[in-house]
Amino acid sequence: MKLYHVFSFFLTFISFHDSFCSLDIIKYDVYSGPNIGIFTSVNDKFVFIPNGFAKTKAENLAHYLQTEYLMTPVANTRLLGILMVLNNHGILLPKTSYPQEIANIRKCTDLNVKILDTKYNALGNLICVNDKGGIISPIIEKEYIKEIEDVLDIEVIQKKVAGYHQVGAVMEANNLGGVIHPEADEEDIKNFSNVLGV
């Protein structure tokens, strides 16, 4: 299975300033390519960047996003966006994560960090969350739903998006809105909007 993240087609950052919603738009590359969503993950406080990323680029990226940056591998890879799920309450990591990675993320953040012991490791491709709710792929075993809700402090539903199990790869949301696969059903969009509170 090919692992793509919804924002891997090109890189444009939009940051919101104050309550006036003025936009700054910059173009950026990661490892000389446009696949930011594969390699990074972000919430309101942190941008998680893989090891090997140039320090000046990390500082610039954190500045644009108005966050701190944290360099870390996940599962000894650079694929942070594919492997991790986070909001402003917690972080879910795959069971292939190394103990020193988990310890570093816990030490550097005040977030609830938990290993999700499911057989799937591409959690970022299978889960879409914000601070209000989440959409979880139906292939994630039901026994993990309560754990996901507890770690991220949200309520979730399990549902495909436009027929795809890779919910996190075809949908992205924050606390203000979201983007979804163009073939998503209107009734599903309304349901997802209610769950995510956007």
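Small disclaimer: the values here were computed from a predicted structure and weren't measured.

### Remarks on the environment of Lys142
Then comes step 1: Its location among the elements puts Lys142 in the loop between β10 (133-136) and α6 (145-152).
Then comes step 2: Lys142 gets classed as exposed once you look at its relative accessible area, which sits at 64%.
Then comes step 3: For Lys142 and Gln158, which are 16 residues apart along the polypeptide, the C-alpha to C-alpha distance reads 8.7 Å.
Then comes step 4: Side-chain polar atoms of Lys142 contact the side chain of Gln158, separated by 2.9 Å.

### So, the packing of aromatic side chains
Then comes step 1: Taken as a whole and judged by the stated rule, the model has three aromatic pairs.
Then comes step 2: Between Tyr31 and Phe39, the aromatic rings sit 5.1 Å apart at their centres with planes inclined by 80°, giving edge-to-face as the arrangement.
Then comes step 3: Since its relative accessible area comes to 17%, Phe39 is described here as buried.
Then comes step 4: Ring plane angle 45° and centroid distance 5.8 Å describe the contact between Phe46 and Phe48, whose orientation is recorded as tilted. Judged on exposure class, the residue Phe46 and its partner Phe48 are both buried.
Then comes step 5: Counting every residue linked through ring pairs, the aromatic cluster contains Tyr31, Phe39 and Phe53.

Criteria and thresholds
- Residues numbered from 1 in each chain as written.
- Predicted model: local features only at pLDDT ≥ 70, side-chain atom pairs only at ≥ 80, totals over all residues.
- Heavy atoms only, no water.
- Helix = DSSP H or I, 4+ residues; strand = E, 2+ residues; numbered from the N terminus.
- Buried < 20%, exposed > 50% of the residue type's maximum accessible area, 1.4 Å probe, protein only.
- Polar contact = N/O pair within 3.5 Å; in protein donor to acceptor, adjacent residues only side chain to side chain.
- Phe/Tyr/Trp six-rings, centres within 6.5 Å; stacked < 30°, edge-to-face > 60°.

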